[in-house]
Each structure stands twice: as C-alpha cells, then as structure tokens.
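Here is how the chains run, residue by residue.
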Amino acid sequence: MINKKLTGKYKTYLKENLSKKRYNHSINVANAAVRLAKRYGADEDKAYIAGLLHDIAKEMPLEEQLEIVTGSPLDVCEIEKKAPALYHAVAGAELIQTLFNISDREIIDAVRYHTVGCKNMTKLSQVIYLADLISEDRDYKDVNKMRKYAEKSLERAMCEAFRFSVKDSAEKGNSIPVSTLEAYNDFIIYKK
Ligand SMILES: [Fe+2]
Ligand SMILES: [Fe+2]
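Only a predicted model underlies this, so the values are computations on that prediction, with no experimental measurement involved. (Residues numbered from 1 in each chain as written. Chains lettered and ligands numbered in written order. Predicted model: local features only at pLDDT ≥ 70, side-chain atom pairs only at ≥ 80, totals over all residues.)

Now for the overall build of the protein chain. Each helix and strand counted, the protein chain has 11 helices and 0 strands in total. When the elements of the protein chain are put in sequence order from the N terminus, they spell out α-α-α-α-α-α-α-α-α-α-α. For 192 residues, the compact-globule estimate of 2.2 N^0.38 gives 16 Å, and the protein chain sits close to it at 16 Å. Its C-alpha atoms give the protein chain principal-axis dimensions of about 45 × 35 × 30 Å. (Helix = DSSP H or I, 4+ residues; strand = E, 2+ residues; numbered from the N terminus. Rg over C-alpha atoms; globule rule 2.2 N^0.38 Å.)

This part covers the environment of T115. With respect to the helices and strands, the residue T115 is situated in the loop between α7 (105-112) and α8 (123-134). Among the residues examined, T115 registers 23 C-beta atoms within 10 Å and is labelled buried. Aside from chain neighbours lying at most four places away, what touches T115 is L86 and A89. (Buried ≥ 20, exposed ≤ 12 C-beta atoms within 10 Å, placed from the backbone. Contact = placed C-beta atoms within 7 Å.)

Even without being a glycine, N101 presents a positive backbone phi close to 60 degrees. Following the sequence through the fold, N101 ends up in the loop between α6 (84-100) and α7. Accessibility expressed as a C-beta count within 10 Å gives 7 for N101, which makes it exposed. Despite not being glycine, N120 has its phi angle at roughly 50 degrees, a positive value.

Where helix α10 (residues 154-172) meets helix α11 (residues 178-187), the closest approach of the two axes is 9 Å, and the angle between their N-to-C directions is 140 degrees. It follows that α10 is oblique to α11 by the angle criterion. Viewed along their axes, α10 and α11 form a crossing whose handedness is left-handed. Within the contact between the two elements, α10 uses E155, M158, C159, F162, S165 and V166 and α11 uses T180, A183, Y184 and F187. Residue composition of the contact of α10 with α11, by class: 7 nonpolar, 2 polar and 1 charged. (Axes fitted to C-alpha atoms, helices over the stretch in contact; angles between N-to-C directions. Parallel < 35°, antiparallel > 145°, perpendicular 65-115°, else oblique. Left-handed = near helix turned anticlockwise from the far one by under 90°. Nonpolar A, V, L, I, M, F, W, Y, C, P; charged D, E, K, R; others polar.)

Turning to the nonpolar core, a few remarks are in order. Counting 53 residues, the largest nonpolar core has A33, A47, A50, V127, L130, A131 and M158 as its most contacted members. Excluding its chain neighbours within four sequence positions, the residues that come into contact with A50 are A33, I107, A110, V111, L124 and I128. (Core = buried A, V, L, I, M, F, W, Y, C linked by C-beta atoms within 7 Å.)

The next point concerns the environment of R35. Tracing the sequence through the fold places R35 in helix α2 (residues 20-40). Here the alpha-carbon distance between R35 and E151, two residues 116 residues apart in the chain, equals 9.8 Å.

A large share of helix α3 (residues 44-53) lies buried, amounting to 8 of its 10 residues. Along α3, the residues classified as buried are K46, A47, Y48, I49, A50, G51, L52 and L53. Against the buried residues of α3 lie α1 (4-17), α2, α6, α7 and α8.

Here it is in structure tokens:
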C-alpha cells in the first residue's frame, strides 16, 4: 500500500519547486504510470512515486542541475552532458536519493532514464517513459496514436516512441545519446 505521508511530502516539495503546470504534469504522469503498471504488471506504488518525481529537478537553475550531473556517479554519456534539456533526469535521480532517501534502484533508474531511455529498460522504466508521453496534459500531434499503442502493447508503444525520438533528433540534426540508440535497437523488433 502506498504511503500517503511520504507521497504527501513529495507533493509538498514539488509544489514549492515547480510551476503549477509542471506540478499538474507530474500528478498526471503518476496517474498514467499507475494505469500502465496495472495493465502491464509493474509495481503500482513504485510507478506512482517515480511518475510523481520524474521531473523534480526540471525547474532548478541549469547551473545547479549541471553541478549535480557532474558530481553524479551515474553513467552519463558525453552527448547527454552537452544537452541541458536532459540534465534534469540525472539531477532528479540524484535529488530523490539525497532529499528523500529513496534507494530503490528501479525508481532511481526510471527517473534517470525517462528522457533518453537505455538498453534493457525495466518494466518500470518503460512505464514511466511512456506515461510521460501520454499523460493527460500532453497535446502534441500524434498523442492519440501513442495512447492507442500504449493500450495495446507496452513494447510496441516503446518501439514507436523511440522511432519517433531517433527520427526527430536526426531530422533536427541533433546528436543522439548512445543509450537512446540502444533502446531503439531493443524495441525495433516489435515493429509491425
Ligand atoms: Fe522530464
Ligand atoms: Fe515529464
């Protein structure tokens, strides 16, 4: 059973450190993550916590995020180190350990890889990655398509998500983190 006192503490921190919009996004991702966890057999409590906290560092000043990334023992490739939009995932994975004493490896990894993905993603990491893409507040062009994939098959949805991510980065002429390509290669076998 989820510890309401703990999640209350997490929410208080998020309310104080995120805009209203991003706070709502965090709640929506947590709820979407629980739905996906139920459907695909991941731990629902961990899904709620990781979903809630995935963007915890997103509105921290970039220099502070970078400082945490630089000092982190987590594996971060050079391409990621040069992409400020990606710092918050590593910084978030560190913050939840230092602020809240979270030591659950699956939760830490789900937060750490919610931006770039990685090879051999756990079910929880997949659930969080996808929940972030299909949460209620999302309104990009193909969001309904992605929601349909997410209803049918977790792996198929992840396959489509990484196809889009890699294609989009290539079209924009951006570098692609190694772990994103590894995730793409893991999931491309589910393409129909
Ligand atoms: Fe994020
Ligand atoms: Fe997010």
